[in-house]
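Here is what each chain is made of, one letter per residue.
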Amino acid sequence: MKKLLVLILAISLLTPVSAQGVEFGQDATGDPNAVWVMGASGFLYSDRIVFTAAHTIEYFGSTGYLFAPGVKNGSDNKKYWPQKILMAPTYRARVGTDNTRVDDFAIIILRESMPMRNSVQVASPADIESFIREKAPVEMVGYGLQNEAMRTDLQARYNNSPHKMTSTIVSGDDLRKYYAAYPGWHQPNQTILDFGIPNNEKIGSNCDGDSGSGFFVQKSNVRYYLGAAGGSQAGITNCNGSFTRFAPNGGMSGITPTYKFLALIKEAEDFVANEKKLEAIQEAARVAAELKAKQEADERVRVEAELKAKLEAEAKAAAELKAKQEADAKAAAKVFKNCTELNKVYPGGVALPGAINSGGMTKKKPKYDKALYNANKKSDRDKDGIACEK
């Protein structure tokens, strides 16, 4: 038993002391993957896919929404709405006195994309074995309560920021040894969980509202997703909830690895890919319709402009022609000093078109020209429309 307690103590101290957790937490505002999910938490796997715990969906409801990753909780945040929710087909809620949730995993597919600033991969069995051997730092960022006071301080609860814990992952064998050491500190059936994440007041601990947040290992710009934080904790304070203190050597979060749900993830990815294809088709149709409408409008403008230009050109030409004709007529309508001078050019005189001599017999035919007659009208002594007739 002494060796077992030493093992448990070693497990609880694998993480650097400088890192803090959600209860006793370190602010993680701006985290690229932590998502607020209607009072619980989620993990942004891709721009349209959020991993969470299945039991958070039970109270998500038809009006549930999410906020973008890493933001401080608040009513001014943009709301993202789910399009579809996929539950692990093997999920089992709590039954009777058995408070363990089995395969507590779900996927929320979003109607629109969230900003995705990093790369996420589901950790494989080989990855997890490597992380256990390396004692790699395992992080979890959630929107859960950070202290006991937040249970009654609604203002703090509805304006909280994501907080982080940093621990390690231990094997299923070590997890079961922990359960064996503290049989009164966990719920029935928790021994079926695959891996464990140590919790304590130095490295941080799960609390209500952290359900659905993801445990992950950071390698460069890639986060290797291990599994969702669910309702399978043992020996933790839970912000003075179910337990008022930690177990003697700290608590433990049991997790089911997400690599067990690759088929469900593939279903979600295929759905998103198909939706994006449909959206692309719809967008192309919209752009084509807008382009056609613009082209038709441009064509109408062009035709109207051409017609206007043509009419203006014809009107200008007609005006210029009229002006020329008037100018020519005016230039041609020479004013003669008297009939002697006029008859030298027009022996029969000049007359209005259609004019008839009202005087004596004339011998010569006049020049019928209105402008010319008007210019020499003073010489029409008998006012018969013929000037200087002979």
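Heads up: these notes are all about the structure in this document. Note that the structure is predicted; figures quoted are calculated from it, not measured.

Criteria and thresholds
- Residues numbered from 1 in each chain as written.
- Predicted model: local features only at pLDDT ≥ 70, side-chain atom pairs only at ≥ 80, totals over all residues.
- Heavy atoms only, no water.
- Buried < 20%, exposed > 50% of the residue type's maximum accessible area, 1.4 Å probe, protein only.
- Helix = DSSP H or I, 4+ residues; strand = E, 2+ residues; numbered from the N terminus.
- Pairing = 2+ DSSP bridges.
- Contact = heavy atoms within 4.5 Å.
- Axes fitted to C-alpha atoms, helices over the stretch in contact; angles between N-to-C directions.
- Phe/Tyr/Trp six-rings, centres within 6.5 Å; stacked < 30°, edge-to-face > 60°.
- Lys NZ or Arg CZ within 6 Å of the ring centre and 35° of its normal.
- Disulfide = S-S within 2.5 Å.

1. Quick notes on the pairing of strand E10 (residues 195-199)
Okay, step 1: Here E10 lies mainly inside the structure; 5 of its 5 residues are buried.
Okay, step 2: Examined bridge by bridge, E10 and strand E14 (residues 251-255) share 5 bridges and lie antiparallel to one another. Directly across from Pro-198, in E14, lies its bridge partner Met-252.

2. Topic: the sheet that holds strand E13 (residues 233-234)
Okay, step 1: Strand order across the open sheet formed by 3 strands is E10-E14-E13, with antiparallel pairing between neighbours. Two strands bound the open sheet, and with one partner strand each, they are E10 and E13.
Okay, step 2: Where helix H5 (residues 172-181) meets the sheet, its contacts fall on E10, E13 and E14, and the angle it forms with E14 comes to roughly 135°.

3. A few points about the packing of aromatic side chains
One pair of aromatic rings is described through two measures. These are the centre distance and the angle between the planes.
Okay, step 1: Scanning all chains against the criterion turns up 14 aromatic pairs.
Okay, step 2: On the numbers, 5.8 Å between centres and 45° between planes, the contact of Phe-43 with Phe-216 is tilted. Taken together, the residues span a long stretch of sequence, with Phe-43 in strand E3 (residues 40-46) and Phe-216 in strand E11 (residues 214-219) at a distance of 173 residues.
Okay, step 3: The buried category is assigned to Phe-43, whose relative accessible area is 2%.
Okay, step 4: Through pairs of rings, three or more aromatic residues link up here, namely Phe-43, Tyr-45, Phe-51, Phe-105, Phe-216, Tyr-225 and Phe-261.
Okay, step 5: The ring of Tyr-80 carries Lys-78 above its face, with NZ or CZ at 5.0 Å from the centroid.
Okay, step 6: Lying over the aromatic face of Tyr-65, Lys-79 brings its terminal NZ or CZ to 4.4 Å of the ring centre.

4. A closer look at the state of the cysteines
Okay, step 1: Applying the stated criterion across every chain yields a total of 1 disulfide.
Okay, step 2: Disulfide partner of Cys-339: Cys-388, at an S-S distance of 2.0 Å. What sets the handedness of the Cys-339 and Cys-388 disulfide is the S-S torsion sign, and at about -80° it is left-handed. Of this pair, Cys-339 sits in helix H7 (residues 339-345) while Cys-388 sits in the segment after strand E17 (386-387), and the two are 49 residues apart along the sequence. Accessibility assignment for this pair places Cys-339 and Cys-388 in one class, buried.

5. Looking at the pairing of strand E8 (residues 138-142)
Okay, step 1: With 5 of its 5 residues buried, E8 lies for the most part within the structure.
Okay, step 2: Residues Val-138, Met-140 and Gly-142 line one face of E8 and the alternating positions Glu-139 and Val-141 line the opposite face, and both faces are buried.
Okay, step 3: Taken together, the 5 bridges between E8 and strand E9 (residues 163-167) define a ladder with antiparallel strand orientation. Bridged to Val-141 within E9 is Lys-164.
Okay, step 4: One ladder, built from 2 bridges, connects E8 with E11; its direction is antiparallel. For Met-140, the partnering residue across the bridge sits in E11 and is Phe-215.

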